[in-house]
Amino acid sequence: MAIHVNGAPADVAPGPLTALLQALDYGDMIVATAVNGEFVSAEERDTTEVRDGDRVEILAPMQGG
């Protein structure tokens, strides 16, 4: 199915947001997520289904100075 991840097109298998994070190598990283502009908490990721055409944002903390 075709979705957008952080503004870029992606072709992924349907499933929960947790599976998408695993497939994109975010694994157990601490990240903030949103689907179609709505924040999705870590607790809700297993039950939040990513659907064709969805816009997913994944934000990871960065260090630097």
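Fair warning: this is a prediction, and the values are worked out from it, not measured in the lab.

(A) Highlighting the side chain of Asp 54. Position of Asp 54 relative to the elements: it lies in the loop between β6 (49-50) and β7 (55-59). Salt bridges are absent for the buried Asp 54, whose nearest opposite-charge side chain, Arg 51, sits at 5.5 Å. Filtering out sequence-adjacent residues up to four positions away, Asp 54 remains in contact with Ala 2, Ile 3, His 4, Val 35, Asn 36 and Glu 49.

(B) Looking closely at the sheet that holds strand β1 (residues 2-5). Pairing in this open sheet of five strands is mixed, and the strands run β2-β1-β7-β4-β5 from one edge to the other. Strands with a single pairing partner mark the edges of an open sheet, and in this sheet they are β2 (8-11) and β5 (38-40). Taken pair by pair, the neighbouring strands of this sheet meet at an average axis angle of 35°, ignoring direction. Pairing between strand β4 (residues 32-35) and β7: four bridges, direction antiparallel.

Conventions and cut-offs
Residues numbered from 1 in each chain as written. Predicted model: local features only at pLDDT ≥ 70, side-chain atom pairs only at ≥ 80, totals over all residues. Heavy atoms only, no water. Helix = DSSP H or I, 4+ residues; strand = E, 2+ residues; numbered from the N terminus. Buried < 20%, exposed > 50% of the residue type's maximum accessible area, 1.4 Å probe, protein only. Lys, Arg positive; Asp, Glu negative; His and termini not counted. Salt bridge = Lys/Arg side-chain N within 4 Å of Asp/Glu carboxyl O. Contact = heavy atoms within 4.5 Å. Pairing = 2+ DSSP bridges. Axes fitted to C-alpha atoms, helices over the stretch in contact; angles between N-to-C directions.

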